[in-house]
Amino acid sequence: MFSNLIKFFNRITIKIIILYSFTLLVSLVISFFMVYSFFEIYLENKTKDELINKAKTYKILFRQEGIHGLRNQIIKEAEIINNVELFFKIYDKKGEIVLNTNAGIHTKDLVINLENYEKLKPDNYTLTTIDYFDVIVYKLSNRYILVIGKSKFENNKLLNRLMEIFYQAGVIVFFLSLIGGILITNSITKKIKNISNTAKDISTSMKLDSRVPITGTKDELDDLALLINNLLDRIEQLVKTLKETTESIAHDLKTPIARIRSATENLLMKNNLSKECSNLLVNIIEETDSLTQMIEDLLTLSKLESGTFQLQKEKVNLSNIVKKLYNLFKDYAAIKSVDLRLKIQDEIYIYANEKYISRAIANLIDNAIKFNKENGYVNIELYQEDQGVILKIEDSGIGIPEDKLEKIFEKFYRVDESRGVYSGSGLGLSLVKAILLQHDASINVISKEGEGTTVIITFPNITNL
Ligand SMILES: Nc1ncnc2c1ncn2[C@@H]1O[C@H](COP(=O)(O)OP(=O)(O)OP(=O)(O)O)[C@@H](O)[C@H]1O
Ligand SMILES: [Mg+2]
């Protein structure tokens, strides 16, 4: 679950989309704050100008009509604006209130600090913010101080509306950017996927003739695809040359070996040979046989690994194939004092090439008997499960050291102890692997040195194909 999540976030598409949307969101938030601050400052300045102008107008009225005229005018105005937006206060020299109008509930009780105004000359003013009001304190004359406060309510309403618009725009832009991001990255990752699919084709099923599709957009990814295709052309050519060279060497070797064998056979027919000489000749024949087998194996391997050869497959009865092989190896196991046991489900079918799959299984049974101990055993099990058809070959033999396990599928590799003591060329398991690859089957080897080895092969169920 957790690893799936990591895998999801590691995808290039997701990384680009997250980065893209995040950058967009950050730029959006920054531009929002810039616009918001601009408006806030603009509204604040507008209110200040309004208050200064108002105070100056009252100052003129004060000069013309005195404090009583001003007081009456303000009371009138305060009634018209319904006492909500503005409040007015007039203080005399001693700090006594001459006028106090109400805006909202509490402005009558608002305390204005007038300490510094005594020394100031008339027409000086200060602008401050008290609670939810922008306030101007204006010195009308040496006797009176006028205070006008304007509620911030309207300004805040405007700013809140602006915020709402930005929220809505933010959500819309974010989703649009998400869709845009998905569309852009999809077209990029599609091309990358094409490249990785081709690489997968080649590495899993050795389809060397696979090529990356060229979309014709002439961008960097198309260039890369072209480059990879050129590289694949060269690799294919190299593999082909290597295969042809191996095949021709192998063919050239086969004829002289066959001649050596028939000459040795002719010699062996002679009557007057000493026992030592006959034994030597038999040894030579055995060696030529194993050489011929090795050449055959090499030829088959090169064919299977060339990437251009596909085995013909059909529905085969694997239970019967395994039974046949069991009967074939029974006597050999008895000679080696190994108990060969069979436990299989009948009528198990797979898609396979009977000849090649028999050869692969034969090699595994041969190994299990060959690398066994005296009075040891080999269990062959075949059964069907949901995940596939399982063939298990378990032996009680010498086992394989852990550090050598991954090498046993290499060509000509034989674990040190096998050299000299056991016959074989070390090509068997390379062949097994190449054959199983063509059958989409997996092989797993579990082994403990000195205790034994278990080889597990999983073939795909016919219904899963
Ligand atoms: N069941 C097994 N138990 C112990 N060692 C094994 C077993 N199967 C394989 N090995 C080790 O892996 C090596 C490679 O096996 P592989 O079948 O490829 O070669 P081989 O049996 O030696 O020769 P060939 O199969 O060509 O006759 C063997 O030489 C052996 O050392
Ligand atoms: Mg073998």
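Reading the values: the criteria
Residues numbered from 1 in each chain as written. Chains lettered and ligands numbered in written order. Predicted model: local features only at pLDDT ≥ 70, side-chain atom pairs only at ≥ 80, totals over all residues. Helix = DSSP H or I, 4+ residues; strand = E, 2+ residues; numbered from the N terminus. Rg over C-alpha atoms; globule rule 2.2 N^0.38 Å. Buried ≥ 20, exposed ≤ 12 C-beta atoms within 10 Å, placed from the backbone. Contact = placed C-beta atoms within 7 Å. Near = placed C-beta within 6 Å. Core = buried A, V, L, I, M, F, W, Y, C linked by C-beta atoms within 7 Å. Domains from an automatic or database assignment. Pairing = 2+ DSSP bridges. Nonpolar A, V, L, I, M, F, W, Y, C, P; charged D, E, K, R; others polar. Axes fitted to C-alpha atoms, helices over the stretch in contact; angles between N-to-C directions. Left-handed = near helix turned anticlockwise from the far one by under 90°.

Some details on the overall build of the protein chain
Within the protein chain one finds eight helices and 12 strands. The C-alpha radius of gyration of the protein chain comes to 48 Å, more than 25% above the 23 Å expected for a compact globule of 465 residues. When burial is assessed residue by residue, the protein chain has 20% of its 465 residues classed as buried. Contacts in the protein chain between residues at least 24 apart in sequence constitute 64% of all its contacts with a sequence separation of at least 6.

Points about the site of ligand 1
Neighbouring ligand 1 are 21 residues; R414, V415, G424, G428 and L429 lie closest to it. If you list the elements that add at least two residues to the shell around ligand 1, you get α7 (354-370) and α8 (428-438).

Describing α8
Within α8, the full set of buried residues consists of G428, L429, S430, L431, V432, A434 and I435. Residues of α8 that are buried make contact with α5 (275-305), α7 and β11 (442-448). Looking at the residues trailing α8, positive phi occurs at D440, about 55°.

Examining the nonpolar core
Judged by nonpolar contacts, the single largest core of 39 residues is most densely connected at A360, L364, I365, I369, V378, I393 and I435. Mapped by element, the contributors of at least two residues to this core are α5, α6 (318-335), β8 (349-352), α7, β9 (377-385), β10 (388-395), α8 and β12 (452-459). Each of domain 2 (220-305) and domain 3 (314-464) contributes no fewer than three residues to this core. By size, the runner-up hydrophobic cluster in this structure holds 22 residues, among which are I74, V137, I145 and V147.

Describing the pairing of strand β5 (residues 144-151)
For β5, the buried fraction is high: seven of the eight residues fall into the buried class. Bridging between strand β1 (residues 86-92) and β5 involves seven bridges; their strand directions are antiparallel. When the sheet's bridge partners are listed, K89 is paired in β5 with V147. When strand β4 (residues 133-139) meets β5, the two strands line up antiparallel, connected through seven bridges. Paired with K139 across the two strands is I145, which belongs to β5.

Here we look at the domain arrangement of the protein chain
Many analyses report the size of an interface as the accessible area lost when the parts associate. In terms of domain boundaries, the protein chain breaks down into domain 1 (2-157), domain 2 (220-305) and domain 3 (314-464). Computed over C-alpha atoms, the centres of domain 2 and domain 3 are 24 Å apart. Between domain 2 and domain 3, the contact holds eight residues from the first and eight residues from the second. Its residues placed into classes, the side of domain 2 that touches domain 3 shows four nonpolar, two polar and two charged.

Details of the packing of α7 against α8
Where α7 contacts α8, the axes come no closer than 9 Å and their chain directions differ by 145°. Regarding α7 and α8, the two cross each other, and that crossing is left-handed. Contacts between α7 and α8 involve Y356, I357, R359, A360, N363, L364 and N367 from the first element and G428, L431, V432, I435 and L436 from the second. Of the residues in the contact of α7 with α8, the class split is eight nonpolar, three polar and one charged.

Quick look at the environment of T129
Its place among the elements puts T129 in strand β3 (residues 125-130). C-beta crowding within 10 Å serves as the criterion here: with 12 such atoms nearby, T129 is assigned to the exposed category. Taking the C-alpha atoms as reference points, T129 and K139, 10 residues apart in sequence, are found 17 Å from one another. Sequence-distant contacts of T129, that is, excluding residues within four places in its chain, are made with D134 and V135.

A short note on the sheet that holds β9
Sheets are built from strands paired through backbone hydrogen bonds, the pairs being either parallel or antiparallel. Taken together, five strands build an open sheet; the order of strands is β7-β9-β10-β12-β11 and the sheet is mixed. Two strands in the sheet have a free side with no partner beyond their single neighbour: β7 (339-344) and β11. When strand polarity is set aside, the average angle formed by the axes of neighbouring strands in this sheet is 10°. Summarising the sheet, β7 and β9 pair through six bridges and their orientation is parallel.

Notes on the sheet that holds β1
Read from one edge of the open sheet, five strands run β2-β1-β5-β4-β3, paired in antiparallel fashion. Every other strand in the sheet has two partners, leaving β2 (97-100) and β3 as the edge strands with one partner each. Here the strands of the sheet are splayed against their neighbours by 15° on average, with no regard to which way each runs. With three bridges joining them, β1 and β2 adopt antiparallel strand pairing. Bridge assignment links K89 to a residue of β2, and that residue is N100. Most of the contacts of helix α2 (residues 12-80) go to β5, to which it runs at about 130°, and overall it touches β1, β2, β3, β4 and β5.

Let's talk about the pairing of β12
Note that β10 and β12 share seven bridges and pair antiparallel. Considered in β12, the bridge of D395 is made with T453. The pairing of β11 with β12 spans seven bridges and is antiparallel. In the sheet register, I443 faces β12, and the bridge partner there is I457.

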